[in-house]
Amino acid sequence: MREFETKLVKLSLTNLLKEEENLYFQNDEEKLFYLTYKIPFISYRFTQIYNEPFYIIFQMEDYGIYFNDIEETFGICKIENNECHKCAEFYDNLAPTVRKFKKAYEEKSIDLLFE
């Protein structure tokens, strides 16, 4: 990705996250969970799936939530050695993806999301 395209995606994602954070969470508990594990977005490679980088915006232990800027969806991934090796895309919006992550984490069933 060229530098200009990278800057454009980062600007677009920054604006999207502001909108998502302010409009779509159903309750304060979900939003607090998200804000607790939100990270400055980092480019990670998805070598076995897409062979290109996407941005991780949330990380908890070896799992993250990423944004696929091509399909404009959010998904959950398993991070190993600074690469995403497993992923599952879910929603066009952040809040339902966080909800799915939180529920799977609390039920200790996050790895089942990748099957």
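The structure we're discussing is the one just above.
To start, this report covers the structure provided alongside it. (Residues numbered from 1 in each chain as written. Predicted model: local features only at pLDDT ≥ 70, side-chain atom pairs only at ≥ 80, totals over all residues. Heavy atoms only, no water.)

Observations regarding the pairing of strand β5 (residues 83–91)
Part 1 of the reasoning: Of the pairings in the sheet, the one linking strand β4 (residues 73–80) to β5 comprises seven bridges and is antiparallel in character. Pairing of F74 across the sheet is with Y91, part of β5.
Part 2 of the reasoning: The turn joining β4 and β5, which pair antiparallel and follow one another in sequence, is formed by two residues; a positive phi near 55° is taken by N81. (Pairing = 2+ DSSP bridges. Helix = DSSP H or I, 4+ residues; strand = E, 2+ residues; numbered from the N terminus.)

Remarks on the side chain of T73
Part 1 of the reasoning: For T73, the location among the structural elements is in strand β4.
Part 2 of the reasoning: Ignoring any residue separated from it by four or fewer positions in sequence, one finds T73 in contact with Y66, F67, N68, E89, Y91 and D92. (Contact = heavy atoms within 4.5 Å.)

Considering the pattern of salt bridges
Part 1 of the reasoning: Inspection of every chain in the model, using the stated rule, returns four salt bridges.
Part 2 of the reasoning: Across the pair E29 and K102 runs a salt bridge, and its minimum N-O distance is 2.9 Å. One end of the pair, E29, is in helix α2 (residues 28–37); the other, K102, is in helix α3 (residues 94–106), with 73 residues separating them in the sequence.
Part 3 of the reasoning: Note on K102: relative accessible area 9%, which makes it buried.
Part 4 of the reasoning: Across the pair K102 and E106 runs a salt bridge whose closest N-O atoms are separated by 2.6 Å. (Salt bridge = Lys/Arg side-chain N within 4 Å of Asp/Glu carboxyl O. Buried < 20%, exposed > 50% of the residue type's maximum accessible area, 1.4 Å probe, protein only.)

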